[in-house]
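Below are the chains, spelled out letter by letter.
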Amino acid sequence: MIKEFYTPTTVADALRIKEEQPDYRFLAGGTEINAKGYPGTPENISGLISLGRLGLSGIEKGEDRLIIYPLITLQQIIETEELSAKPFDMIKQAASNVSNRNIRNMATLGGNIAACKSCSDMIPVLLAMDASLEIYSSEDLKQEVPLYEYIQKKERPLITKVIVPFRKNFYISICRYTRTSNDLALINVCLGIEMEDGICKDARLAIGGVSVTPLRILETEEFLRRQKLKGNLIDYSPKLRKHLESQIHPVDDLRGKAWFKKELAGGLVIQALYEAAKKGGISL
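Given the structure is predicted, the values throughout are model-derived calculations rather than measurements. (Residues numbered from 1 in each chain as written. Predicted model: local features only at pLDDT ≥ 70, side-chain atom pairs only at ≥ 80, totals over all residues. Heavy atoms only, no water.)

Most of helix H3 (residues 89-96) sits out of view: 6 of its 8 residues are buried. Every buried residue belonging to H3 is among Asp-89, Met-90, Ile-91, Lys-92, Ala-94 and Ala-95, and all of these are buried. (Buried < 20%, exposed > 50% of the residue type's maximum accessible area, 1.4 Å probe, protein only. Helix = DSSP H or I, 4+ residues; strand = E, 2+ residues; numbered from the N terminus.)

As structure tokens, then:
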């Protein structure tokens, strides 16, 4: 039962309250913390620290990177003109995959990351784009860490910036499967490839739905590097699928059998490869 609700106006105050009350939770949009099944449901939370007055909303676009502040809502992401140009338009596409506008009007990017659900729509695309986070573990400890390191942490320090670098010749595709248009993704695949002369110079592959958190599949990324895709895409695709399926180990749950999730992920990664390669000028 929530007994105390704080509305600090500075990051320092929010961190001080959290240090004094480590069992309290940070509150952004509230769509995750109020959801059934959230770790430490509201019935077991005695205090909340609202982040709404910290000024952590908006976007700053530089020449080589994009800074997104964590309190921006998913709907604001969709409506932000700075995210219309490639490759940042993929962040907008990921936000639009949350089809319920009522949720998008409340859900924040930082909350989506901190909740770190396996079915997150935002984390895979940010992993594929090599995003990093500015975080505060305490008032005196500020760090910039890669997103893939943050989501592996048991504790979730306060996010104050999401930093997305700009990469030239980097082509991204998002492919997902849902049971209904308003459902969370069962499997969410995001593949990014850097192309030069028809050869994959670099790759990022992130998948949601095959583990307790979204994953970067590092071994399959390495399998993609240095591959000549031009003129070889159809022959290479089954090899990529087989390699991916050897690297993921989903489990049976209410949302699907493990074998089905593995088959689905394999099919979606081929689709993502075709779409990303097409953006890079390579067609079947």
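And the narrative resumes.
A word on the packing of aromatic side chains. Here the distance between the centres and the angle between the planes together describe a pair of aromatic rings. The full count for this structure, using the stated rule, is 5 aromatic pairs. Both rings, one in Phe-88 and one in Phe-166, keep their centres 6.3 Å apart while their planes meet at 55 degrees; by these two values the pair is tilted. Taken together, the positions of Phe-88 in the loop between helix H2 (74-79) and H3 and Phe-166 in the loop between strand S8 (158-165) and strand S9 (170-177) put the pair 78 residues apart, joining distant regions of the chain. Residue Phe-88 is classed as buried on the basis of its relative accessible area, which comes to 3%. With 6.3 Å between their ring centres and 80 degrees between their planes, Tyr-177 and Phe-260 make a pair best called edge-to-face. Note that Tyr-177 is positioned in strand S9 and Phe-260 in helix H10 (residues 258-279), a separation of 83 residues in sequence. Residue classification places Tyr-177 among the partly exposed residues on the basis of a relative accessible area of 32%. Residue class for Phe-260 comes out partly exposed when judged on its relative accessible area of 30%. Ring pairs connect the aromatic residues Tyr-177, Trp-259 and Phe-260, which therefore count as one cluster. (Phe/Tyr/Trp six-rings, centres within 6.5 Å; stacked < 30°, edge-to-face > 60°.)

Read from one edge of the open sheet, 4 strands run S9-S10-S11-S12, paired in antiparallel fashion. Each edge of the sheet is formed by a strand with only one pairing partner; in this case those strands are S9 and strand S12 (215-216). In terms of strand pairing, S9 meets strand S10 (residues 187-196) through 8 bridges, oriented antiparallel. From the neighbouring strand, Ile-174 faces S10, where its bridge partner is Cys-190. (Pairing = 2+ DSSP bridges.)

With respect to the helices, strands and loops of the structure, Lys-92 is situated in helix H3. Despite being buried, Lys-92 has no salt bridge partner; Glu-81 is the closest side chain of opposite charge, sitting 5.6 Å away. Engagement of the side chain of Lys-92 in a polar contact is seen with the backbone oxygen of Ile-78, the distance being 3.2 Å. In terms of polar contacts, Lys-92 uses its side chain to reach the backbone carbonyl oxygen of Thr-80, at 3.2 Å. Lys-92 has contacts with Ile-77, Ile-78, Thr-80, Leu-83 and Ser-84, leaving out every residue within four places of it along the chain. (Lys, Arg positive; Asp, Glu negative; His and termini not counted. Salt bridge = Lys/Arg side-chain N within 4 Å of Asp/Glu carboxyl O. Polar contact = N/O pair within 3.5 Å; in protein donor to acceptor, adjacent residues only side chain to side chain. Contact = heavy atoms within 4.5 Å.)

Of note, Gly-208 is situated in strand S11 (residues 199-208). The class for Gly-208 is buried, based on a relative accessible area of 1%. It is 8.4 Å that separates the C-alpha atoms of Gly-208 and Lys-117, two residues lying 91 residues apart in sequence. Among residues more than four places away in sequence, those in contact with Gly-208 are Ser-118, Pro-124, Leu-186, Ile-187, Asn-188 and Pro-214.

Below, the discussion takes up the pattern of salt bridges. Taken as a whole and judged by the stated rule, the model has 22 salt bridges. With a shortest N-O distance of 2.7 Å, Asp-130 and Arg-204 are connected by a salt bridge. With a gap of 74 residues between them, Asp-130 in the loop between helix H6 (122-128) and strand S6 (132-138) and Arg-204 in strand S11 connect regions that are remote in the sequence. Residue Asp-130 is classed as partly exposed on the basis of its relative accessible area, which comes to 24%.

With that settled, consider the packing of helix H9 (residues 233-247) against H10. Two elements in contact, H9 and H10, have axes separated by 9 Å at closest approach and are oriented at 140 degrees. On the basis of the axis angle, H9 is oblique to H10. When the axes of H9 and H10 are compared, the crossing they make is right-handed. Taken together, the residues of H10 that come into contact with H9 (itself represented by Leu-233, Ile-234, Tyr-236, Ser-237, Leu-240, Arg-241, Leu-244 and Glu-245) are Lys-262, Glu-263, Ala-265, Gly-266, Gly-267, Val-269, Ile-270, Leu-273, Tyr-274 and Ala-277. Taken together, the residues of the contact of H9 with H10 break down into 11 nonpolar, 3 polar and 4 charged. (Axes fitted to C-alpha atoms, helices over the stretch in contact; angles between N-to-C directions. Parallel < 35°, antiparallel > 145°, perpendicular 65-115°, else oblique. Left-handed = near helix turned anticlockwise from the far one by under 90°. Nonpolar A, V, L, I, M, F, W, Y, C, P; charged D, E, K, R; others polar.)

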